[in-house]
Amino acid sequence: MALSTPTPGIERAAVADVLAIGSFAAAHGWTPATSGNFSSRVDDRRIAITRSGVDKNALTPSDVLILNITEPLPPDASAETPLHVARYSNDHTIGMVVHVHSVAATVLSRVAATDGFLYFSDYEMQKAFHGIHTHEGRIALPVFANSQLMPELALEVEALLGASPHVAPGFLLGGHGLYTWGRDRAEAQRHLEALEFLMTCDLEERRLR
Ligand SMILES: [Zn+2]
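Residues numbered from 1 in each chain as written. Predicted model: local features only at pLDDT ≥ 70, side-chain atom pairs only at ≥ 80, totals over all residues. Heavy atoms only, no water.

1. Quick word on the pairing of strand 7 (residues 170-173)
In strand 7, alternate side chains face the same way, and those of Gly-170 and Leu-172 on one face and Phe-171 and Leu-173 on the other are all buried. As for the winding sense of the linkage, the β-α-β connection from strand 6 (residues 138-144) through helix 4 (residues 150-163) to strand 7 is right-handed. Here strand 7 runs beside strand 8 (residues 177-182); their pairing, made up of four bridges, is antiparallel. When the sheet's bridge partners are listed, Gly-170 is paired in strand 8 with Thr-180. (Buried < 20%, exposed > 50% of the residue type's maximum accessible area, 1.4 Å probe, protein only. Helix = DSSP H or I, 4+ residues; strand = E, 2+ residues; numbered from the N terminus. Right-handed = clockwise from strand over helix to strand, strands pointing away. Pairing = 2+ DSSP bridges.)

Have a look at this one:
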């Protein structure tokens with residue numbers, strides 16, 4: 001039986017997508033102090049993902065690892081990699097996963113921690129989410145307690161997302177930040193921008209109350 005051969009062109013494209021979305025998020029100030037992680041699917045078994053602790057303002061191809069999601073993680077993988085791997089493993093339509101530590105995500109994850117969800121209602125921007133065609137109605141963004149035990153946290157996240165298919169394409173970690181995803185880079189970036197916009201609107205509304 002022929003061994004499968006590496007496909008460097010596909011890997012290069014995934015690495016380029018990681019560099020592009022990471023630089024985009026860094027330019028918005030959503031990855032302070034080397035925080036945040038960005039990944040892109042190469043194929044059914046592999047992803048490209050930022051290494052631990054790299055400055056997202058100055059990303060280069062050497063800052064991105066190619067991982068097999070069916071094998072143990074290498075030592076230079078970020079501690080947050082299991083959350084990315086769990087998303088790709090449990091939803092085969094996902095092509096990119098994005099994680100940022102924005103001010104809006106960090107503050108609102110603390111405000112909404114007790115409810116377990118942050119809600120957005122009647123914003124036109126809700127139509128930016130895949131499958132949403134109206135501003136009417138309420139969209140729930142799940143909020144989980146933060147943890148340093150990422151494999152256990154990934155199980156908790158996947159259990160809720162699997163049981164709640166109609167929530168927003170993302171989740172918050174308390175006092176930590178936002179995860180979102182999409183079928184490709186364009187959709188992941190649109191979801192990231194939409195969630196950041198909606199959270200910023202929510203913060204502004206809370207200031208006016
Ligand atoms: Zn983080």
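2. Quick notes on a nonpolar patch on the surface
A surface patch of nonpolar side chains, amounting to about 240 Å² of accessible area, comprises Val-103, Val-107 and Val-111. The residue Val-103 is located in helix 3 (residues 103-111) in this model. (Patch = residues over 30% accessible without salt bridge, like charges linked within 9 Å, V, L, I, M, F, W, Y side chains within 5 Å. Areas by Shrake-Rupley, 256 points an atom, 1.4 Å probe, with all protein chains shown as cover. Salt bridge = Lys/Arg side-chain N within 4 Å of Asp/Glu carboxyl O.)

3. Describing the coordination of the zinc ion
Here the zinc ion is held by Glu-80 (OE), His-99 (NE2), His-101 (NE2) and His-176 (NE2), and the distances to it run 2.0 to 2.1 Å. In this structure, the zinc ion is coordinated by four donor atoms arranged in irregular fashion, with angles at the metal of 87 to 152 degrees. In the primary structure, the donors to the zinc ion are separated according to the pattern E-x18-H-x1-H-x74-H. Note that His-101 is positioned in the loop between strand 4 (96-100) and helix 3 and His-176 in the loop between strand 7 and strand 8, a separation of 75 residues in sequence. With a relative accessible area of 9%, His-176 lands in the buried category. (Donors = N, O, S within 2.8 Å, 3.2 Å for Na, K, Ca; no water. Tetrahedral: all angles 85-135°; square planar, octahedral: opposite > 155°, others 65-115°.)

4. A closer look at the environment of Ser-35
Along the polypeptide, Ser-35 turns up in the loop between helix 1 (8-27) and strand 1 (37-41). Residue class for Ser-35 comes out buried when judged on its relative accessible area of 11%. Along the backbone, Ser-35 and Asp-122 are 87 residues apart, and their C-alpha atoms lie at a distance of 32 Å. Contact partners of Ser-35, with chain neighbours within four places excluded, come to Lys-56 and His-101. Of note is the side chain of Ser-35, whose polar atom sits 2.6 Å from the backbone oxygen of Pro-32. (Contact = heavy atoms within 4.5 Å. Polar contact = N/O pair within 3.5 Å; in protein donor to acceptor, adjacent residues only side chain to side chain.)

5. A few points about the nonpolar core
Core analysis: the biggest nonpolar cluster contains 40 residues, and Leu-118, Leu-141, Leu-178 and Met-199 have the highest contact counts within it. Elements with a minimum of two residues in this core: helix 1, strand 4, helix 3, strand 5 (117-121), strand 6 and helix 5 (185-208). When sequence neighbours within four positions are dropped, the list of residues in contact with Met-199 reads Ala-104, Ala-105, Leu-108, Leu-118, Phe-120, Leu-141, Leu-172 and Leu-178. Counting 24 residues, the second largest nonpolar core, distinct from the first, contains Ile-69, Leu-83, Val-85 and Ala-140. (Core = buried A, V, L, I, M, F, W, Y, C linked by side-chain atoms within 4.5 Å.)

6. Focus: helix 5
An α-helical segment advances 3.6 residues per turn. Residues three or four places apart therefore align on the same side. Taking 1.5 Å per residue, 24 residues should reach 34 Å; helix 5 reaches 35 Å between its end C-alpha atoms and fits that length. At the N-terminal boundary of helix 5, the capping side chain belongs to Asp-184, with an oxygen 3.3 Å from the backbone nitrogen of Ala-186. (Expected span 1.5 Å × (residues − 1).)

7. Re helix 1
In a regular helix each residue adds 1.5 Å, so 20 residues correspond to 28 Å; helix 1 covers 28 Å between its end C-alpha atoms and thus fits that length. Along helix 1, the positions that sit buried rather than exposed are Glu-11, Ala-14, Val-15, Val-18, Leu-19, Ile-21, Gly-22, Phe-24, Ala-25 and Ala-26. Looking at the packing, one finds that the buried side of helix 1 touches strand 1, strand 2 (46-50), strand 3 (64-68), strand 4 and helix 5.

8. With respect to the sheet that holds strand 3
A sheet is described by the order of its strands in space; here eight strands give the open sequence 3-2-1-4-8-7-6-5, paired in mixed fashion. Two strands bound the open sheet, and with one partner strand each, they are strand 3 and strand 5. The average angle at which neighbouring strand axes cross in this sheet is 20 degrees, direction not considered. As judged from the two bridges shared by strand 6 and strand 7, these two strands associate in the parallel manner. Looking at the pairing, Val-143 lines up with Leu-172 of strand 7. (Axes fitted to C-alpha atoms, helices over the stretch in contact; angles between N-to-C directions.)

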